[in-house]
Amino acid sequence: MTMSLPSRRKFLTQTAAGLALSLSGAAAFAESRRPLGSAESTLIPYGAAVRAGALASDPTYRATIARMCDMIVPEGEMKWSDIHPKRDEYRFENADALVDFARQNHLGIRGHTLAWYGALPAWTSELASAAEAERELVDHIETVVSRYRGAVPSWDVVNEPLIDWPQDRSSIRPSIWMNRLGPEYLPIALKATASTDPDAKLVLNEYDVEYRGARFEARRRSLIQLLRWLRDRDVPLHAVGLQAHLFAGRGIDRDGLQSLLAEIVALKLDVLITELDVIDFDLPGKIKERDALVAATAAEFLGACCEVVRPKAILTWGLTDRYTWVPTYFKRADGMPNRPLPLDAEFKPKPLFDVIEEYRRKLT
Ligand code: XIL
């Protein structure tokens, strides 16, 4: 059924309740395309990380992203190594293609990422002094953020700042930025983004904050300290992104996660779920069983979150199992493909999708 956007919007508004009742969440998902950011939509916006290469080469992927997502985020195309491979060379083609795709399909888009230890091009290791590192960091942010001002309203400015097992807020992960500037690189990056695009929502994105155990408690404690430190110094920041790369067996610390979220809310910061997927490398091989465990893991996490806060968006790190980062790091021993995402490799909705649909509706 082809519909123009306005009529599809009306159709969705009129039938949303009926669809929810008569179809499973997955079927409703497959049938509909939620017009993102539309005033009528009261659902939590859903989005996915996308790959420019796959968008160009795989028409089904392209159509499915356009139909099912409210927003996208580039999986790699705005990282330093992609967009700024040499000191005096920026390459915007792929990032531009994603921004154009979002615009053409009336999707939102988030930027990822400006100050991270990963995906740094080799030339950045030559930055010899604090002054030089600051100059390059700020130049990069000004160049990239100003190019997409008005098109990219939300940035993961700081990504994964804490070391794996931090002691306190100063346990910042080593990188050229930390090595040359110390923790000061966080305020520098956030202020540079704010002054380049005063309307942009600035996000600090972190992972491994949801589990039970001393390491994860330390991460939650240190993250709160870090957020307070930024707030006490009037550093601009609007939201915390919980990546939510979940592991089925690890056991979510419901109380720990909920008090972290309550602290974030008390600091008047928004929360986004930025990179949800469920890493399934050590789950049973039987597909049905595995998909159910993946869905249950996400339900446990989203259930705990949504009791405390309404996330501004829920994004998964990819939409379909056809394109996922998971096997690069977490390949299955039995050689079967990973299934961490809402749609399978043939774009069929899985139980994980139903779970996301359920929580998108829950607080509305
Ligand atoms: C990953 C991409 O998915 C991979 O394709 C790439 O090779 C490495 O980075 N946390 C993040 C993301 O913030 O940027 C990472 O993305 C996944 C973990």
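Relevant structure appears above.
Let me begin by describing the structure that accompanies this report. (Residues numbered from 1 in each chain as written. Predicted model: local features only at pLDDT ≥ 70, side-chain atom pairs only at ≥ 80, totals over all residues. Heavy atoms only, no water.)

Thoughts on unusual backbone geometry
Note that the residue after His112, namely Thr113, is joined by a cis bond; omega there is 0°. Secondary-structure assignment places Thr113 in strand E3 (residues 108-115). Phi is positive for Phe347, which is not a glycine, with a value near 70°. In this structure, Phe347 sits in the loop between helix H13 (326-329) and helix H14 (351-362). Classification of Phe347 by relative accessible area gives buried; the value is 11%. (Helix = DSSP H or I, 4+ residues; strand = E, 2+ residues; numbered from the N terminus. Buried < 20%, exposed > 50% of the residue type's maximum accessible area, 1.4 Å probe, protein only.)

A few points about helix H7 (residues 130-147)
Helix length check: H7 (18 residues) gives 26 Å between terminal C-alpha atoms against 26 Å at 1.5 Å per residue, within 8%. Buried-residue contacts for H7 involve helix H5 (80-83), E3, strand E4 (154-159), helix H8 (176-181) and helix H9 (185-196). (Expected span 1.5 Å × (residues − 1). Contact = heavy atoms within 4.5 Å.)

Details of the site of the ligand
Contacts to the ligand come from Glu75, Lys79, His112, Trp116, Asn159, Glu160, Gln243, His245, Glu275, Trp317, Trp325 and Tyr329. With respect to the ligand, the side chain of Asn159 contributes an N or O atom lying 2.9 Å from an oxygen atom. Between Gln243 and the ligand, the recorded distance is 3.2 Å, taken from a side-chain N or O atom to an oxygen atom. For the ligand, whose accessible area on its own is 420 Å², the fraction buried by protein is 77%. (Near = heavy atom within 4 Å. Polar contact = N/O pair within 3.5 Å; in protein donor to acceptor, adjacent residues only side chain to side chain. Areas by Shrake-Rupley, 256 points an atom, 1.4 Å probe, with all protein chains shown as cover.)

Some remarks on the packing of aromatic side chains
In total, this model carries 13 aromatic pairs according to the counting rule given. With centroids separated by 5.2 Å and ring planes inclined at 70°, the aromatic side chains of Tyr211 and Phe216 adopt a geometry described as edge-to-face. Judged by its relative accessible area of 8%, Phe216 falls in the buried class. An angle of 55° between the planes, with centres 5.4 Å apart, marks the rings of Trp325 and Tyr329 as tilted. Each residue in the set Phe247, Phe281, Trp325, Tyr329 and Phe330 is aromatic and connected to the rest through ring pairs, giving one cluster. A cation over an aromatic ring shows up here: Arg219 above the ring of Tyr207, its NZ or CZ 4.9 Å from the ring centre. Sitting over the face of the ring of Phe247, Arg250 holds its NZ or CZ atom 4.2 Å from the ring centroid. (Phe/Tyr/Trp six-rings, centres within 6.5 Å; stacked < 30°, edge-to-face > 60°. Lys NZ or Arg CZ within 6 Å of the ring centre and 35° of its normal.)

A word on the side chain of Glu132
With respect to the secondary-structure elements, Glu132 resides in helix H7. Not counting residues within four places of it along the chain, the set of residues in contact with Glu132 comprises Arg87, Glu126 and Leu127.

What about the pattern of salt bridges?
With the rule as written, the count across this model stands at 28 salt bridges. Here Lys350 makes a salt bridge to Asp321, at a shortest N to O gap of 2.6 Å. Taken together, the positions of Lys350 in the loop between H13 and H14 and Asp321 in the loop between strand E9 (314-316) and H13 put the pair 29 residues apart, joining distant regions of the chain. Like Asp321, Lys350 is buried. The residue Arg332 makes a salt bridge to Asp334 at a minimum N-O spacing of 2.8 Å. A residue is classified by how much of its surface remains accessible, and Arg332, at 6% relative accessible area, is buried. By relative accessible area, which is 41% here, Asp334 ends up partly exposed. It is possible to trace a salt-bridge network through shared partners that takes in Asp70, Glu357, Arg360 and Arg361. (Salt bridge = Lys/Arg side-chain N within 4 Å of Asp/Glu carboxyl O.)

Regarding the packing of helix H11 (residues 254-266) against helix H12 (residues 287-308)
Following both chains from N to C, one finds H11 and H12 inclined at 35°, their axes separated by 9 Å at the closest point. Seen from above, H11 lies across H12 with right-handed handedness. Of the residues in H12, those touching H11 at Arg254, Leu257, Gln258, Leu261 and Ala262 are Phe301, Gly303, Ala304, Cys305, Glu307 and Val308. Taken together, the residues that form the contact of H11 with H12 break down as seven nonpolar, two polar and two charged. (Axes fitted to C-alpha atoms, helices over the stretch in contact; angles between N-to-C directions. Left-handed = near helix turned anticlockwise from the far one by under 90°. Nonpolar A, V, L, I, M, F, W, Y, C, P; charged D, E, K, R; others polar.)

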